[in-house]
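Observations on the three-dimensional arrangement
Below, each chain spelled out in residue letters.
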Amino acid sequence: MMHLLEETLLAITGVNEENQKNQKEYIATLLKTPDGLGKLEKMNIQLSGIEKEYRVKKKAVVVMAADNGVEEEGVSASKRVITQYVVEAMVAGEASISSLCKSLGSELFVIDLGIDSTRVFKGAITHKIMPTGTYNIRKGPAMSREQAIEAIEVGIDIVRELVEKDYNLFAVGEMGIGNTTTSSACLKALTNLPLVELVGYGSGIDERILGLKIAVVEDAVRINKPDVNDPIDIIQKLGGLDIAAMTGVYLGAARYKVPIVLDGLISGVSALLAYRMNAHARDYMIPSHISEEPGAKWIMEALCFNPMLHMNMKLGEGSGAVLVFPLVEAASNLTRDIRVYPEV
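Since this is a predicted model, take the numbers as computed values, not measurements.

**Thoughts on the overall build of the protein chain**
Helices and strands together make up the secondary structure of the protein chain, namely 14 helices and six strands. For 344 residues, the compact-globule formula gives about 20 Å, and the C-alpha radius of gyration of the protein chain, at 20 Å, lands near that figure. Its C-alpha atoms put the protein chain at 70 × 45 × 40 Å along the principal axes. When burial is assessed residue by residue, the protein chain has 59% of its 344 residues classed as buried. Of all intrachain contacts in the protein chain linking residues separated by at least 6 positions in sequence, the fraction that spans at least 24 positions is 75%. Total accessible area computed for the protein chain in this model is approximately 14400 Å², and 52% of it derives from carbon and sulfur atoms. Counting 35 positive and 44 negative side-chain charges, the protein chain places the centres of these two groups 2 Å from one another.

Spelled out as structure tokens, the structure:
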């Protein structure tokens, strides 16, 4: 029997290039300076390739939450219990991303894939794959290949469920102490760039902990020896359940042909993993901001993206991505609202 992941990778196709060509030609006839709206015009053309008359219906920010075994190495300024506290705040409408979603008219969906707690978080969706989170990547693989695939498939299935409820604009975020370490390790495997260019201050660590964090990532890559040509192997050995599930959300967005906005470092690593699984997944992605984390610029370069915003943000949670929702709506309305240049 074929895995949902395998089905999805086979089902993903590129956007409609003929629609994009026609849209570009039509935009050139509108009553404005040629290319006067810059990135908004490019986004309108991208959206027309996804859906000919694309209009935003309902907006969703999907946050994948899980703990990471590597937290025990002391790589974060926060202890893993903070994952629980932030998730509690999210579902209560009292976290940063909750506030932004309220302001911007988006629904927030929080998925528990492996928060280290026996509690059921009321308001979150439970898809517990590993009850206490992943294993410590400095000692061995984060999870099994089967668990990595299961987490990816959770992401794909969440998109399907929401698309069936008329959500057609997505952003993806995460919550899990230690996940800038796991994402940096994945990024090292994906790019082989020097660690000093990839590993950042994450939760607000000092220079001493930064040195430890770099050493932990270096050890994790050396010990686990990921197959750099196999994104699932990279996730399994170095990643987190949040990274795996976010990768699935990007693949699901491409399969069900809806646009999805990237967030910061961790979301971006997942986007790059999805792109390595099927290059057409990129066609459905929209960049948001450039994170303060140093690895973020290399993700933008690898995906050939030019971020929309420069906000000095480093929070995660989907906080930068949701800020771009109004720009997507504005872009989608251009050819509906602007009149054609008159013949003179």
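**Notes on the packing of aromatic side chains**
Aromatic rings in a pair are described by how distant their centres are and how their planes are angled relative to each other. Applying the stated criterion to the full structure yields one aromatic pair. Relative to Tyr 167, the ring of Phe 109 has its centre 5.5 Å away and its plane inclined at 90°; by these criteria the two rings are edge-to-face. Of this pair, Phe 109 sits in strand S2 (residues 107-114) while Tyr 167 sits in strand S4 (residues 167-175), and the two are 58 residues apart along the sequence. Taking the relative accessible area as the measure of exposure, Phe 109 reaches 17% and is therefore buried.

**Observations concerning the nonpolar core**
Leu 113, Ile 152, Phe 170, Leu 251, Val 261, Met 285 and Val 328 are the most contacted members of the largest nonpolar core, which totals 114 residues. No other element matches helix H10 (residues 241-255), which puts ten residues into this core. Setting aside residues up to four positions removed in sequence, Val 261 forms contacts with Leu 169, Phe 170, Ala 171, Val 172, Tyr 250, Ile 286, Pro 287, Ser 288, Ala 321, Val 324, Phe 325 and Val 328.

**Considerations on the environment of Ile 232**
In this fold, Ile 232 is placed in helix H9 (residues 231-238). By relative accessible area, which is 10% here, Ile 232 ends up buried. Along the sequence, Ile 232 and Ala 254 sit 22 residues apart, while their C-alpha atoms lie 18 Å from each other. Ignoring anything within four residues of it in the chain, the contact list for Ile 232 reads Leu 5, Arg 145, Ala 148, Ile 149, Ile 152 and Met 277.

**Here's the deal with helix H7 (residues 179-191)**
Between its first and last C-alpha atoms H7 spans 18 Å; for 13 residues at 1.5 Å apiece the expected length is 18 Å, and the two agree. Within H7, twelve of the 13 residues are buried, which leaves the element mostly enclosed by the surrounding structure. Considered for burial, the residues of H7 that qualify are Asn 179, Thr 180, Thr 181, Thr 182, Ser 183, Ser 184, Ala 185, Cys 186, Leu 187, Lys 188, Ala 189 and Leu 190. Where H7 is buried, its residues contact S4, helix H8 (207-224), H9, H10, helix H11 (265-277) and helix H12 (295-302).

The rules behind each value
Residues numbered from 1 in each chain as written. Predicted model: local features only at pLDDT ≥ 70, side-chain atom pairs only at ≥ 80, totals over all residues. Heavy atoms only, no water. Helix = DSSP H or I, 4+ residues; strand = E, 2+ residues; numbered from the N terminus. Rg over C-alpha atoms; globule rule 2.2 N^0.38 Å. Buried < 20%, exposed > 50% of the residue type's maximum accessible area, 1.4 Å probe, protein only. Contact = heavy atoms within 4.5 Å. Areas by Shrake-Rupley, 256 points an atom, 1.4 Å probe, with all protein chains shown as cover. Lys, Arg positive; Asp, Glu negative; His and termini not counted. Charge placed at Lys NZ, Arg CZ, Asp CG, Glu CD. Phe/Tyr/Trp six-rings, centres within 6.5 Å; stacked < 30°, edge-to-face > 60°. Core = buried A, V, L, I, M, F, W, Y, C linked by side-chain atoms within 4.5 Å. Expected span 1.5 Å × (residues − 1).

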